[in-house]
Amino acid sequence: MDYQKIADLLFPEVTTTTEEIFAKYPKRNLKEGQVVSRFAPSPTGFIHIGNFFQMFISYNLTRVSDGVFFLRIEDTDSKREKEQAKEVVFEILNKFGIKFDEFQTLDGKDIGEYGPYVQSQRVDIYKIFAKKLVAEGKAFPCFCKKTEGKEDVLKLRENKFHEDDEKEYDPCRDLSYEEVKKHIDNGEKFAIRLKTKNTGKERVKFYDLIKGEIEAKANAKDFVILKNDGIPPYAFAHAIDDTLMGTTIVVRGEDYIGSTPMHIELFDALGFKPTTYCHNPLICKIGENGNKRKISKRYDPEADMRFYFEKGYLTRSVLEYLLNIINSGFEMWRANNPDKDWSEFKFGINDITAVGPIFDLVKLNDISKNIIGTMSATQLYDLWLAWAEEFNKPLAKVLKEKKDFSTAMLNIDRETPKPRKDIFNMSMIEEYFSYMFKKPTLNELSEEDKEKFNEFMDEYQKAFVFPNSNEEWFNLVKEVAGKLGYATDNKAYKANPEAFKGNVAKACEFVRIAITGRKNSPTLYEIIKVLGEKEIKDRLSVRV
Ligand code: GLU
C-alpha cells in the first residue's frame with residue numbers, strides 16, 4: 001500500500017519533516033543528574049490537590065538537581081477548558097511561590113527555547129508526526145463517525161472482529177488509497193489511529209522510578225492519536241512534547257499506569273527513546289463507608305487548592321504538609337531544623353513514598369499550628385489582615401481600625417518560651433477570639449451552676465480590683481472563693497467534696513465564662529489585660 005500517498009492526501013498542508021522539527025528542539029545540554037521535569041495541567045479552572053502534589057514532587061526533583069522545571073498548559077480538551085483557567089494556574093502557583101524556568105506568560109510570550117508551552121499552539125507539530133506515522137504505515141485515518149464516543153466503531157467492530165476480543169483493531173485500519181480518497185472527496189472528517197503492532201497476547205515491561213519494574217498487557221488497540229478536529233488526545237501530545245521538550249522524568253499520578261503501555265507503544269512507533277516515568281500514589285481519603293477512595297473535588301472541598309487560600313492556611317503549612325507526605329523523613333528534619341526554610345530539605349527520587357497517602361486535615365492543622373505558634377503577633381496580624389482583605393472585608397475593616405488591640409490580642413500566650421499553639425489558619429481566628437470583639441453569652445453554664453455563678457460573681461465583682469499580675473488575679477479569685485465556702489486546697493476538696501461548694505478551679509471557671517463565655521481559653525489574665533478595666537468590669541456584672 002502506498003502509505004506516503006495516503007499521508008499526502010490527508011495532510012497536504014504539512015510539508016515540514018520531523019527532522020526539521022528536531023532541529024528546532026535540540027537536545028538539552030545537561031549535567032549528570034540534572035532533572036528536567038514539568039507541570040502539565042489541563043486548565044479546568046482549578047488545581048486539584050493530587051495534581052498539585054505531582055507538581056510539587058516534580059518541582060523538588062528539579063530544584064534539588066539544579067535542573068529545569070517547566071510549565072506546559074495541556075489545553076487540548078476544549079470540553080474541559082474554562083475561561084480564565086490559565087490565570088488560575090498562575091495565581092495559585094504564584095501564591096505558593098512556585099517558579100518555573102520555562103513557561104508561556106499570560107500574554108503569550110514563551111520564556112524558554114522549547115515552546116510553545118501551550119499545547120493548543122503545537123497542533124502543527126502533532127500533525128507532522130501523525131503524517132509521518134501514516135506515511136510509514138504505522139497509523140491510519142479513521143472515518144467512523146464517532147471516533148470519540150465510539151458507539152459506531154464498537155458496533156462495526158463487533159461485526160468484524162468479534163472473534164477476538166483481546167485486540168481492538170479498527171475497521172478503517174486497512175483502507176486502500178482509493179477508499180481513503182473517496183471519503184476525503186466526500187468531505188468527510190477523519191481521526192488518525194495508531195495501527196497497533198500487537199495482537200493482544202504480548203506483555204510489556206517498563207521501569208518506574210517509584211514502583212520499580214512493572215509488567216503489563218501490551219496495548220492492542222488502534223487508539224486515536226489525532227481526533228477528527230486535528231487535536232491529539234493526551235497520549236500523543238505527551239509522547240511528542242515530552243520528547244521534544246527534553247523532559248527527563250515524567251512525574252504523574254499512578255492513575256496513568258494503566259495507559260502507560262499505550263504510551264510506550266507510541267514512543268516506539270515514533271522512534272523516540274522511551275521516557276522515564278515516576279508514577280506517584282494518589283492522595284486518598286477514607287470515605288463515609290470506611291473505604292479508601294481518591295480525594296475528589298465533588299465530595300471534598302480540600303481537593304481544590306483554592307480551599308487553602310479561602311480558609312487562610314499559610315502556603316508554607318500546606319507545602320510542609322505535602323513534603324511530609326512525600327517523605328516521612330521531613331518531620332524529623334523539621335524538628336531538628338526548626339528555623340530552616342523548607343526548601344533546604346533535600347530529597348531524591350528514592351526518598352519518595354510509594355504508599356498511597358491518606359489526606360489528613362488534622363495533621364495539616366498540627367503542622368500549621370506549629371508554624372503559626374512560632375510567629376510574632378505582628379507577623380500574624382499582617383497575615384490575618386491580608387487574608388481578610390481578600391476573603392472577609394468587614395473583618396479587614398475592624399482589624400485596621402483596631403490594629404493595636406488586635407495585635408495585643410494575637411499576642412496573648414504568644415512570644416513566650418512556650419507559646420500556645422491553637423491557631424491553624426486565618427479564617428478560624430475571628431471565632432477563636434470571638435469574645436474579644438463581642439460580649440460573650442453565658443450558655444456554657446450548666447443549670448445547677450447558675451445560682452452558684454450569680455452568688456460568686458456578686459462577691460467577686462464587689463472585691464474586684466484590676467489585677468497587675470497573674471498571681472494577683474488568681475489570689476483574689478481564691479480569696480473570694482474561700483470566703484464563700486469553696487475549697488482552696490485541692491487535697492481537702494478531693495477528700496471530702498461534699499463539704500464544699502466546689503473548688504477554686506470551679507470559681508476560676510465562673511470568671512472565665514463571665515469574661516469569655518468559655519470553659520477553656522488562653523491565659524485569662526492576659527485576656528483581662530487586653531480587654532481593659534472598663535470592659536472587664538462590665539462583663540463581671542452580668543448574671544444569669
Ligand atoms: N494534563 C495531564 C493531567 O492534568 C497531565 C498528566 C501528566 O503530567 O503527564 O492529568
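Above this text sits the structure in question.
A brief report on the enclosed structure follows. Computed from a predicted structure; not experimentally measured. (Residues numbered from 1 in each chain as written. Predicted model: local features only at pLDDT ≥ 70, side-chain atom pairs only at ≥ 80, totals over all residues. Heavy atoms only, no water.)

Quick look at the overall build of the chain now. Summing up its helical and strand segments, the chain has 24 helices and 13 strands in all. Rg of the C-alpha trace for the chain: 33 Å, well past the compact-globule value of 24 Å for 544 residues, more than 25% over. Across its three principal directions, the C-alpha atoms of the chain cover 110 × 50 × 40 Å. Considering only residue pairs separated by 6 or more positions, the chain has 74% of its internal contacts joining residues 24 or more positions apart. Approximately 26400 Å² of the chain is accessible, and the part contributed by carbon and sulfur atoms is 49%. Taking the average place of the 85 positive charges on the side chains of the chain and the average place of its 89 negative ones, the gap between the two points comes to 1 Å. (Helix = DSSP H or I, 4+ residues; strand = E, 2+ residues; numbered from the N terminus. Rg over C-alpha atoms; globule rule 2.2 N^0.38 Å. Contact = heavy atoms within 4.5 Å. Areas by Shrake-Rupley, 256 points an atom, 1.4 Å probe, with all protein chains shown as cover. Lys, Arg positive; Asp, Glu negative; His and termini not counted. Charge placed at Lys NZ, Arg CZ, Asp CG, Glu CD.)

So, on to the site of the ligand. R38, A40, S42, E74, Y234, V251, R252 and Y256 make up every residue found near the ligand. Measuring from a nitrogen atom of the ligand, one finds a backbone N or O atom of A40 at 2.8 Å. Interatomic distance of 3.1 Å between a side-chain N/O atom of S42 and a nitrogen atom of the ligand. Protein burial of the ligand: of its 290 Å² of free accessible surface, 86% is covered by the chains. (Near = heavy atom within 4 Å. Polar contact = N/O pair within 3.5 Å; in protein donor to acceptor, adjacent residues only side chain to side chain.)

So, about the packing of aromatic side chains. Scanning the model with the defined rule gives 37 aromatic pairs in all. With 4.6 Å between their ring centres and 55° between their planes, F52 and F96 make a pair best called tilted. A residue pair is termed long-range when its members are at least 10 positions apart, and F52 in helix α3 (residues 49–64) and F96 in the loop between α4 (85–95) and β3 (103–104) qualify at 44 residues. The same class applies to F52 and to F96, which are both buried. Arranged with centres 6.4 Å apart and planes meeting at 45°, the rings of W473 and F474 form a pair that is tilted. Its relative accessible area of 33% is what places F474 among the partly exposed residues. The ring of Y177 has K5 lying over it, and the distance from NZ or CZ to the ring centre is 4.3 Å. The side chain of R28 reaches across the aromatic face of Y114, ending 3.9 Å from its centre. (Phe/Tyr/Trp six-rings, centres within 6.5 Å; stacked < 30°, edge-to-face > 60°. Buried < 20%, exposed > 50% of the residue type's maximum accessible area, 1.4 Å probe, protein only. Lys NZ or Arg CZ within 6 Å of the ring centre and 35° of its normal.)

This part is about the layout of surface pockets. Over the atoms rolls a probe the size of a water molecule, and in doing so it shows where empty space is left. When its volume is computed, the second largest pocket comes out at roughly 500 Å³. Taken together, the residues that form the lining of the second largest pocket break down as 10 nonpolar, 6 polar and 4 charged. (1 Å grid on protein atoms, 1.4 Å probe; cavity = no way out; pocket = protein on both sides within 12 Å on 5 of 7 lines; lining within 4 Å. Points joined across faces, edges and corners; volume = space filled by probe spheres on them. Nonpolar A, V, L, I, M, F, W, Y, C, P; charged D, E, K, R; others polar.)

Further remarks concern the pattern of salt bridges. Counted according to the given criterion, the structure contains 41 salt bridges. The residue R72 makes a salt bridge to E74 at a minimum N-O spacing of 3.0 Å. A single burial state applies to R72 and to E74, both of which are buried. Note that E91 is salt-bridged to K95, the shortest N-O span being 3.8 Å. One end of the pair is E91 and the other is K95, both in helix α4 and 4 residues apart, which spans about a single turn. Classification of K95 by relative accessible area gives partly exposed; the value is 31%. Among the charged side chains, a salt-bridge network with shared partners connects R38, R72, E74, R122, D241 and D242. (Salt bridge = Lys/Arg side-chain N within 4 Å of Asp/Glu carboxyl O.)

F52, F56, L322, F433, M436, F456 and Y460 are the most contacted members of the largest nonpolar core, which totals 110 residues. Excluding its chain neighbours within four sequence positions, the residues that come into contact with F52 are I47, I92, L93, F96, M305, L319 and L322. (Core = buried A, V, L, I, M, F, W, Y, C linked by side-chain atoms within 4.5 Å.)

Let's shift gears to the environment of E13. Secondary-structure assignment places E13 in the loop between α1 (3–10) and α2 (18–24). Taking the C-alpha atoms as reference points, E13 and D208, 195 residues apart in sequence, are found 39 Å from one another.

With 16 residues, α3 ought to run about 22 Å at 1.5 Å a step, and its terminal C-alpha atoms sit 22 Å apart, in line with that. In terms of burial, α3 is a largely internal element, 13 of the 16 residues being buried. Two residues or fewer after α3 comes D66, characterised by a positive phi angle close to 55°. (Expected span 1.5 Å × (residues − 1).)

Secondary-structure assignment places H238 in helix α8 (residues 234–244). Residue classification places H238 among the buried residues on the basis of a relative accessible area of 0%. Sequence separation between H238 and L266 is 28 residues; the distance between their C-alpha atoms is 9.8 Å. With near-sequence residues (within four places) excluded, H238 lies in contact with R38, T243, V250, R252, H263, F267, T275 and Y277. At 2.8 Å, the side chain of H238 and the side chain of D242 are in polar contact.

Spatial ordering of the open sheet is given by β5-β6-β9, a layout of 3 strands whose pairing is antiparallel. Looking at strand neighbours, the two that pair on one side only are β5 (139–142) and β9 (224–226), the edges of this open sheet. In this sheet, neighbouring strand axes are inclined to one another by 45° on average, regardless of whether the strands run parallel or antiparallel. Of the strand pairs in this sheet, β5 and strand β6 (residues 191–194) are connected by 4 bridges, and their pairing is antiparallel. Considered in β6, the bridge of C142 is made with A191. The strands touched by helix α5 (residues 123–135) within the sheet are β5, β6 and β9, with β9 carrying the most contacts at an inclination of about 125°. (Pairing = 2+ DSSP bridges. Axes fitted to C-alpha atoms, helices over the stretch in contact; angles between N-to-C directions.)

One pass over the structure, following the stated rule, counts 2 cavities of 30 Å³ or more. Quantified by volume, the largest cavity comes out at close to 90 Å³. For the largest cavity, the lining is made up of 14 residues, of which I412, R414, R420, I423 and Y432 are closest to its centre. Considering every element that reaches the lining of the largest cavity, the biggest residue donor is helix α13 (residues 361–373), with 3 residues. Split into classes, the residues belonging to the lining of the largest cavity amount to 7 nonpolar, 1 polar and 6 charged. Its boundaries defined by the atoms lining it, the second largest cavity holds a volume of some 70 Å³. Taken together, M1, Y3, I6, V134, A139, F140, P141, C172, R173, L175, V180 and K195 make up the lining of the second largest cavity. Contributing elements (two or more residues each) for the lining of the second largest cavity: α1 and β5. Ranked by residue count, the leading element in the lining of the second largest cavity is β5, at 3 residues.

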